[in-house]
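# Structural overview for review
The lines below spell out each chain.
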Amino acid sequence: MQERMADQINSFLLKRLSLILVTLVLVQSSEAKSSPKVKTEVFLSPKFVLEPGLVTSKDYYQIDFPRGHIALKSFIAEIVDETGNSIHRHETYLHHWILRRYYVRKNHTAINYSGLCNVRFPLYFALGPEALNTATNIPDPNGIEVGNPSHIPVGYEEGWVVRVHAIDTRGAVNRMGCTRCFCYLYNVTMEESGETIGPGCCRDGTRCKVRQGFHGEKRNLYLRYTVKYVDWDSRAIVPVHTIYINDVTDVWTKGDEYRGVGPTHNCLVIFLWGNFYFTQYMCR
């Protein structure tokens, strides 16, 4: 009798163990599906040439980019020289770079992103120098879907364009003023730019003042960009439809406990440099 009960218990335990093992396999299989393998590719933009004081601000179309139906996970960029060495921003100030996607046949048509200012700023990724360490990683299970054949109009193909706005500040009379695009430091007039400070002053081909007698060699430079992505799998990836790119500054005002006045934060949220378009609000 005891032997029979022992056999029944062993049989029950084996079935239970088999069920647990099957469950573990199913869970592991599900986890594998939810985390596709991330691929990484590194590219260079077309060459641009800078010398002390000179500004470049150009769009480069049909840049190298991963092809196919994929989900973008990250995009980072930096300026490098011909040997692949990073260029410090106190020598070449990367004012900003902007990545956009578009459809092209004979003329390009930009695809608008669905975040702030939906129609005005059709960008996917964009950063300036103060935000170079800002993470652009898109956490699992999300990803920015691109390359979907059903989304591309007949007769068109998908392309990518990157804008590079860089200022060579070697020998600058006022390096900070050059990077902030103060017009009085550039070879433009207020009538030409329509402003006293801003991107109209440091547009492509303009020059910022350098110290008299300073000479620096011309440099062949590139934007080196790293793209991380996964192959599209609708069972494992949740597509990102809204892309927001924000930068925030804050001027803090200390409170006065004796007077019963609390601290305040005068926040400026800027979501694109172009035209100084920003939203201002008070934070508590």
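### Side note on the overall build of the protein
Across its full length, the protein holds 3 helices and 14 strands. Within the protein, buried positions represent 38% of all 284 residues. Taking all contacts inside the protein whose residues are at least 6 apart in sequence as the whole, residues at least 24 apart take part in 72%.

### Let's talk about the pattern of salt bridges
Under the defined criterion, the tally for this structure stands at 11 salt bridges. In this structure, aspartate 204 and lysine 58 form a salt bridge, with 3.0 Å as the shortest nitrogen-oxygen distance. Of the two residues, aspartate 204 sits in the loop between helix 3 (190-193) and strand 10 (219-231) while lysine 58 sits in strand 3 (residues 55-60), which places them 146 residues apart along the sequence. Looking at lysine 58, the relative accessible area reads 36%, which means it is partly exposed. Here arginine 170 ties to aspartate 168 by a salt bridge, and the two come within 2.7 Å at their closest N and O atoms. Among the charged side chains, a network of salt bridges with common partners joins Glu51, Arg207 and Lys218.

### Here's the deal with the packing of aromatic side chains
Per the counting criterion, the structure on display carries 7 aromatic pairs. Look at phenylalanine 65 and phenylalanine 75: their rings are 6.4 Å apart centre to centre, the planes differ by 20 degrees, and that puts the pair in the stacked class. On the criterion of sequence distance, the pair formed by phenylalanine 65 in the loop between strand 3 and strand 4 (70-80) and phenylalanine 75 in strand 4 is long-range, its members being 10 residues apart. Summarising the aromatic geometry, the rings of phenylalanine 75 and tryptophan 97 are spaced 5.1 Å apart at their centres and angled 50 degrees between planes, so their arrangement reads as tilted. With phenylalanine 75 in strand 4 and tryptophan 97 in strand 5 (residues 92-104), this residue pair connects regions lying 22 residues apart in the sequence. Note on accessibility: phenylalanine 75 and tryptophan 97 belong to one class, buried.

### Looking at the pairing of strand 4
Every regular strand shows the same layout, with side chains that alternate between the two sheet faces. Most of strand 4 is tucked away, with 9 of its 11 residues classed as buried. In this sheet, strand 8 (residues 142-146) lies alongside strand 4 in antiparallel orientation, the contact comprising 3 bridges. Paired with leucine 72 across the strands is isoleucine 144, a residue of strand 8. Strand direction decides the pairing type here: strand 4 and strand 10, joined by 10 bridges, are antiparallel. Bridge pairing links leucine 72 to tyrosine 229 in strand 10.

### Considering the nonpolar core
Counting residues in each nonpolar core, the largest one holds 31 residues, and the members touching the most others are Leu72, Phe75, Trp97, Leu99 and Phe125. Elements supplying a minimum of two residues to this core: strand 2 (48-50), strand 4, strand 5, strand 7 (125-127), strand 8, strand 9 (157-168) and strand 10. Beyond its immediate chain neighbours, meaning those up to four positions away, phenylalanine 75 contacts Phe65, Trp97, Leu99, Phe125, Thr136, Tyr225, Thr226 and Val227. One finds Val55, Tyr93, Ala172 and Cys208 within the second-largest nonpolar core, a separate group that totals 13 residues.

### Here we look at unusual backbone geometry
Cis geometry is found at the peptide bond from aspartate 140 to proline 141, where omega equals 5 degrees. Although it is not a glycine, glutamine 62 adopts a positive phi angle of roughly 55 degrees. Topologically, glutamine 62 is positioned in the loop between strand 3 and strand 4. Backbone geometry at cysteine 181 places phi at a positive 60 degrees, although glycine is not the residue there. In this fold, cysteine 181 is placed in the loop between helix 2 (175-179) and helix 3. Of the residues examined, cysteine 181 reaches a relative accessible area of 0% and is grouped as buried.

### Notes on the state of the cysteines
Taken as a whole and assessed by the stated rule, the structure comprises 3 disulfides. In this model, cysteine 178 is linked to cysteine 208 through a disulfide, with the two sulfur atoms separated by 1.7 Å. Looking along the S-S bond of the cysteine 178-cysteine 208 disulfide, the torsion reads about -80 degrees, which is the left-handed sense. Here cysteine 178, found in helix 2, pairs with cysteine 208, found in the loop between helix 3 and strand 10; they are 30 residues apart in sequence, far enough to count as distant. Of the two residues examined, cysteine 178 and cysteine 208, each falls in the buried class. One disulfide bridge connects cysteine 181 with cysteine 202, the sulfur atoms lying 2.0 Å from each other.

Here is what the cut-offs are and how they apply
Residues numbered from 1 in each chain as written. Predicted model: local features only at pLDDT ≥ 70, side-chain atom pairs only at ≥ 80, totals over all residues. Heavy atoms only, no water. Helix = DSSP H or I, 4+ residues; strand = E, 2+ residues; numbered from the N terminus. Buried < 20%, exposed > 50% of the residue type's maximum accessible area, 1.4 Å probe, protein only. Contact = heavy atoms within 4.5 Å. Salt bridge = Lys/Arg side-chain N within 4 Å of Asp/Glu carboxyl O. Phe/Tyr/Trp six-rings, centres within 6.5 Å; stacked < 30°, edge-to-face > 60°. Pairing = 2+ DSSP bridges. Core = buried A, V, L, I, M, F, W, Y, C linked by side-chain atoms within 4.5 Å. Disulfide = S-S within 2.5 Å.

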